[in-house]
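# Report on the structure
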Amino acid sequence: MAKTLKKWQGWLLFGGAMVLVFILGLLCSSMLERRAEVVSVFNNRRTPMTDSIVSQNEKFAADFPREYETWAMTEDTSFVSKYNSSQEVDVLAERPEMVILWAGYSFSRGYNTPRGHRHCIDDLRKIMRTGSPGVDGQDDIQPGTCWTCKGPDVPRLMREKGTDKFYAAKWSDWGPEVMNTVGCSDCHDARTMELRPARPALYEAWARVGKDVRKASHQEMRSLVCAQCHTEYYFEKENGNYLHFPQEKGMTCEAAEEYYDSIGFYDYINPLSKAKILKAQHPGYELYLQGIHGQRGVSCADCHMPYISEGGVKYTDHHITSPLANIERTCQTCHRQDAETLRQNVYERQKKIYDFRTNVEKELAAAHIEAKFAWEKGATEAEMEPVLKDLRKGQWRWDYAVASHGAAFHAPQEVMRILGSAMQYAMDARLQIARVVAKHGYTGKIPLPDVSTKAKAQSYIGLDMPKLNSQKKKFLDTIVPKWIEQARKNKRFVTKPM
């Protein structure tokens, strides 16, 4: 009986070993098949590139059809979420207090939620804050630096003309040149397809703190190609509007503020309060680093460009969009909850932050208007100095918290902390204003104008929007077609540009 049992166990062990060998064989075969296909693509490219920068994204389609096809899907704007969908939404119409906060700055003219990368050039042309150069004698209100993140034509131009000359030019100078939207050569060396940020500002920022982007790991690069654009920056006004990432003192909200204070920098002066304001751009990378995913080494691409397995090939989805559009390939690769639970977890965090954000905006807008009232009552610069400092600090924190769009999920705890600080500064500014006007004989409640709509707020700060809208339409109808025709003659694009 014992011998029979041992014989049976032996056959079971043998059978199990054979099954294991068979499974390992399948895995090896699959891996070799995938490797063979990848090697085949790189060794037998239909359109091998001899230059590291190739502006026309279509030239990569034959060799990388899956990546190209998914990249082209960034034109799609059908994704809908509770917050930050892919459609163009007029944020100033939804939040008119922002017009007051940005009074004296071009953002008060227009500010929309971003669409996919395929729309970035068209959206920059259309947005009111780029003005209408060439129409009715108007000159540029933005420098060439504003094109920096809008496509692979930019690194091409920087190399051809010189980086400093690219920045120092007028915005309209590059209108006939920037035709190809964010694509392959923005993130990859066209010859080898290795990940490589194409813009010098990131390399320069790292070098200033003793680091080398080129030595970053592959996983880090899957975020750094995004960080070359989705980051806080400013233009060096006295240096030809040279692009600068203020990372010298650290990667937090307060560290950037400390840097700006150390050089006496401000983006504009709000004409209502006379406060020198810092305008946060989109510190997405900085805030991502403060969140749990960034701290655990999850890259931007892991969530916004998840892998796809198709046949024997695993490739990166280049349809860059919200992780909520592909929960099964993003969140659920780590989290085991069902999709709806994960979605509601995100919405819950976002709602708390966006609700509080609304209160902060109202408080800051009221503070700017009340500061204007104080000046009119005869307030002195010495009396208003602490008010203006509080307004600068409060608005910087509010803007830093909301400008990167995804921060309410990337780092919800940090964003709520920053907004809480912004609220405190705004409330303190209003309290000090009340004391100042009391010194000048006014003890009542300071009257606030009706700025409950975008139109009312823009009218209050003195913008002639009918005129500006008319000029923008003329610009789009007459100037932009000339840019496109000139680019066509110069063969700057393969197909009709976006």
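Residues numbered from 1 in each chain as written. Predicted model: local features only at pLDDT ≥ 70, side-chain atom pairs only at ≥ 80, totals over all residues. Heavy atoms only, no water.

Turning our eyes to something else, we now look at the packing of aromatic side chains. Inspection of every chain in the model, using the stated rule, returns 25 aromatic pairs. Geometrically, the ring pair formed by W102 and W398 is tilted, given 5.8 Å between the ring centres and 50 degrees between the ring planes. Residue W102 is located in the loop between α4 (97–101) and α5 (120–126), and its partner W398 is located in helix α16 (residues 381–402); the two are separated by 296 residues in the primary sequence. We classify W102 as buried; its relative accessible area is 1%. Members of the aromatic cluster, each reached through a chain of ring pairs, are W102, Y105, F107, Y111, Y268 and W398. The ring centre of W375 lies 4.4 Å from the NZ or CZ of K274, which sits over that ring. Positioned over the ring face of F107 is K279, at 4.7 Å from the centre of the ring. (Phe/Tyr/Trp six-rings, centres within 6.5 Å; stacked < 30°, edge-to-face > 60°. Helix = DSSP H or I, 4+ residues; strand = E, 2+ residues; numbered from the N terminus. Buried < 20%, exposed > 50% of the residue type's maximum accessible area, 1.4 Å probe, protein only. Lys NZ or Arg CZ within 6 Å of the ring centre and 35° of its normal.)

What follows deals with the environment of T380. Assignment of secondary structure puts T380 in the loop between α15 (339–376) and α16. Taking the C-alpha atoms as reference points, T380 and K249, 131 residues apart in sequence, are found 34 Å from one another. When sequence neighbours within four positions are dropped, the list of residues in contact with T380 reads W375 and H440. (Contact = heavy atoms within 4.5 Å.)

It is worth spelling out the side chain of E370 at this point. Counting through the fold element by element, E370 comes out in helix α15. For E370, a relative accessible area of 6% gives the class buried. Only 2.7 Å separates the side chain of E370 from the side chain of R430, close enough to count as a polar contact. Each residue touching E370, except ones within four places of it in the same chain, is listed here: R430, I433, I446 and L448. (Polar contact = N/O pair within 3.5 Å; in protein donor to acceptor, adjacent residues only side chain to side chain.)

Time to look at helix α20 (residues 465–489). With 25 residues, α20 should cover 36 Å at 1.5 Å per step; its first-to-last C-alpha distance of 35 Å lies within 8% of that length. Its maximal kink placed at L476, α20 deviates by approximately 35 degrees. Restricting attention to buried positions, one finds in α20 the residues M465, L468, Q471, K472, F475, I479, V480, W483, I484 and A487. Its buried side turned inward, α20 meets α5 and α19 (454–460). With its phi angle positive at about 55 degrees, K491 sits one or two positions after the end of α20. (Expected span 1.5 Å × (residues − 1). Bend = angle between axes of the 7 residues up to and from the residue.)

What the rule picks out here adds up to 40 salt bridges. For D186, the salt bridge goes to R199, with nearest N and O atoms at 2.7 Å. Taken as a pair, D186 in helix α8 (residues 184–187) and R199 in the loop between α8 and α9 (200–208) lie far apart in primary sequence, 13 residues in all. Residue D186 is classed as buried on the basis of its relative accessible area, which comes to 2%. A salt bridge links K389 to E385, with the nearest nitrogen and oxygen atoms 3.5 Å apart. Separated by 4 residues within a single helix, K389 and E385 lie in helix α16, roughly one turn from each other. The exposure class of K389 is partly exposed, given its relative accessible area of 48%. E385 gets classed as partly exposed once you look at its relative accessible area, which sits at 43%. (Salt bridge = Lys/Arg side-chain N within 4 Å of Asp/Glu carboxyl O.)

Glancing now at the packing of α15 against α16. A pair of packed helices is captured by two measures, namely the crossing angle of their axes and the spacing between those axes. Taken N-terminus to C-terminus, the directions of α15 and α16 make an angle of 155 degrees; their axes are 11 Å apart at the nearest point. Relative to α16, α15 is oriented roughly antiparallel. Of the two elements, α15 crosses α16, and the hand of that crossing is left-handed. Here R357, V360, E361, L364, A367, H368, A371, A374 and W375 of α15 come into contact with α16, specifically with E381, M384, L388, L391, G394, Q395, W398 and V402. (Axes fitted to C-alpha atoms, helices over the stretch in contact; angles between N-to-C directions. Parallel < 35°, antiparallel > 145°, perpendicular 65-115°, else oblique. Left-handed = near helix turned anticlockwise from the far one by under 90°.)

This next bit is on the state of the cysteines. Considering all chains together, one arrives at 1 disulfide under this definition. The partner cysteine of C149 in its disulfide is C229, sulfur to sulfur 2.5 Å. Taking the sign of the S-S torsion, about -105 degrees here, the bridge from C149 to C229 comes out left-handed. Taken as a pair, C149 in the loop between α5 and α6 (153–161) and C229 in the loop between α10 (218–227) and β1 (234–236) lie far apart in primary sequence, 80 residues in all. On the basis of relative accessible area, C149 is assigned to the partly exposed category, the value being 22%. The cysteine C146 is free of any disulfide, with C149 supplying the nearest cysteine sulfur at 10 Å. (Disulfide = S-S within 2.5 Å.)

Do not read the predicted coordinates in detail wherever pLDDT is low. Per-chain confidence: the chain averages 93 in pLDDT, with 91% of residues scoring 70 or above. Scored below 50 in pLDDT, residues 36–40 makes 2 contacts in the model with residues more than four places away or belonging to other chains. (pLDDT = per-residue confidence, 0-100.)

Moving on, we get to the environment of G134. Along the polypeptide, G134 turns up in the loop between α5 and α6. Owing to a relative accessible area of 54%, G134 belongs among the exposed residues under this scheme. The spatial distance from the C-alpha of G134 to the C-alpha of D302 is 43 Å, given a sequence separation of 168 residues.

The residue Q228 is located in the loop between α10 and β1 in this model. Given the relative accessible area of 2%, Q228 is considered buried. Polar side-chain contacts of Q228 include one of 2.8 Å to the backbone oxygen of D186. A distance of 2.9 Å separates the side chain of Q228 from the backbone oxygen of V225, its partner in a polar contact.

A separate point is unusual backbone geometry. With phi around 70 degrees, H405 is a residue other than glycine that occupies positive phi space. Mapped onto the elements of the fold, H405 is located in the loop between α16 and α17 (407–410). Although it is not a glycine, K491 sits at a positive phi angle of roughly 55 degrees. You can see K491 is positioned in the segment after α20. On the accessibility criterion, K491 (66% relative accessible area) is exposed.

Where strand β5 (residues 307–310) lies against strand β6 (residues 313–316), 4 bridges are found, and the strand directions are antiparallel. Its bridge partner being in β6, Y307 is matched across the sheet by T316. Linking β5 to β6, which pair antiparallel, is a turn of 2 residues; within it G311 sits at a positive phi near 65 degrees. (Pairing = 2+ DSSP bridges.)

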